[in-house]
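Architecture at a glance
Read off the chains here:
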Amino acid sequence: MARLPRFVLLGHPQHVIIRGNNRAAVFAAEEDYQFFLDKLADAAKKHQCDIHAYVLMTNHIHLLATPHKEDGLSKMMQMLGRYYVQYYNYTYKRSGTLWEGRYKASLIDSEQYALLCYRYIELNPVRANMVGHPAEYPWSSYCVNALGQHDPIVTPHAMYWALGNDDGQRQSHYRSLFDGQVDEISLEQIREATNKAWVLGSDYFKQSIASQLNRRSYKMAKGGDRKSSEFQKLKSGINRV
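Quantities reported herein were computed from a predicted structural model and do not represent experimental measurements.

**Notes on the sheet that holds strand 1 (residues 14–19)**
Strand order in the open sheet formed by 4 strands is 2-3-1-4, and the pairing between neighbours is antiparallel. Edge positions in the sheet fall to strand 2 (49–56) and strand 4 (104–107), since each has one partner strand and no second. Neighbour-to-neighbour, the strand axes of the sheet open up by a mean angle of 20 degrees, direction not taken into account. Pairing geometry for strand 1 and strand 4, over 4 bridges, is antiparallel.

**Looking at helix 1 (residues 30–46)**
Here helix 1 is 17 residues long and its end C-alpha atoms lie 25 Å apart, about the 24 Å a rise of 1.5 Å per residue gives. Along helix 1, the residues that are buried comprise Asp32, Tyr33, Phe36, Leu37, Leu40, Ala43 and Ala44. Taken end-on, helix 1 shows its buried residues confined to a sector of 130 degrees, consistent with a single buried face. For helix 1, the exposed residues lying more than 90 degrees away from the buried face are Glu30, Glu31, Lys45 and Lys46.

**Some words on the pattern of salt bridges**
Applying the stated criterion to the full structure yields 4 salt bridges. The partner of Lys39 in a salt bridge is Asp42, with the nearest N and O atoms 4.0 Å apart. Taken together, the residues span about one helical turn, with Lys39 and Asp42 both in helix 1 at a distance of 3 residues. For Lys39, a relative accessible area of 21% corresponds to the partly exposed category. On the basis of relative accessible area, Asp42 is assigned to the partly exposed category, the value being 39%. In this structure, Glu192 engages Lys196 in a salt bridge whose closest nitrogen and oxygen atoms are separated by 3.5 Å.

**Observations regarding the environment of Glu70**
By the element assignment, Glu70 lies in the loop between strand 3 (60–67) and helix 2 (72–91). Linking Glu70 and Leu10, residues 60 residues apart in sequence, is a C-alpha distance of 6.6 Å. If we skip the residues at most four places from it in the chain, Glu70 touches Val8 and Leu10.

Here is what the cut-offs are and how they apply
Residues numbered from 1 in each chain as written. Predicted model: local features only at pLDDT ≥ 70, side-chain atom pairs only at ≥ 80, totals over all residues. Heavy atoms only, no water. Pairing = 2+ DSSP bridges. Helix = DSSP H or I, 4+ residues; strand = E, 2+ residues; numbered from the N terminus. Axes fitted to C-alpha atoms, helices over the stretch in contact; angles between N-to-C directions. Expected span 1.5 Å × (residues − 1). Buried < 20%, exposed > 50% of the residue type's maximum accessible area, 1.4 Å probe, protein only. Arc of directions from axis to C-beta. Salt bridge = Lys/Arg side-chain N within 4 Å of Asp/Glu carboxyl O. Contact = heavy atoms within 4.5 Å.

Purely spatial values, then, with no claim about function.
So, in structure tokens, the structure goes:
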């Protein structure tokens, strides 16, 4: 069965995950992390993608990225993956695949979920009990977004700019978002949307995307009247907003 193309709308952010094959580590030394980030910067610039947030975990990577051309995100990930696999295989005298299939991605409703995805991504090392606070982890964008550390990879999203009138205000308000963890319901929503390539957003946003792309953009609710006109519209991929 052919795989459906990913949901792509220019100017809309996507949460992206790529994992090591069989959940194996893809970073073994500091030089590996730095090489990956250098190539991420190159690939994002070449293929016109803004990177708003990132974290490099031991065996997987999260990105929040906005493409500005139709195949920008896929081309960026292909270039990044190819360069890194060549580097890693040469460095560690190995061969074969490094990644667990294709990257996973979820189209994001910016107004409701952009800043939540920032937090979800940058809190990964805390949830994994690797550090007590995201500022302690060196391979994420937290210190850029929260503390003003320079990083040519990161381009702020519009929702980040809206946090304040100047850098100090924005960084202060951003840090306050990390006073608590992401709640379990939100965690599950983000994970399910990304792993299953659904759209992450309000019902209105999901239906709007489905209407624009003529594809169902979210999981069908279990049960209900399967003969209803609403179900038939969703089944056929025709959703009127």
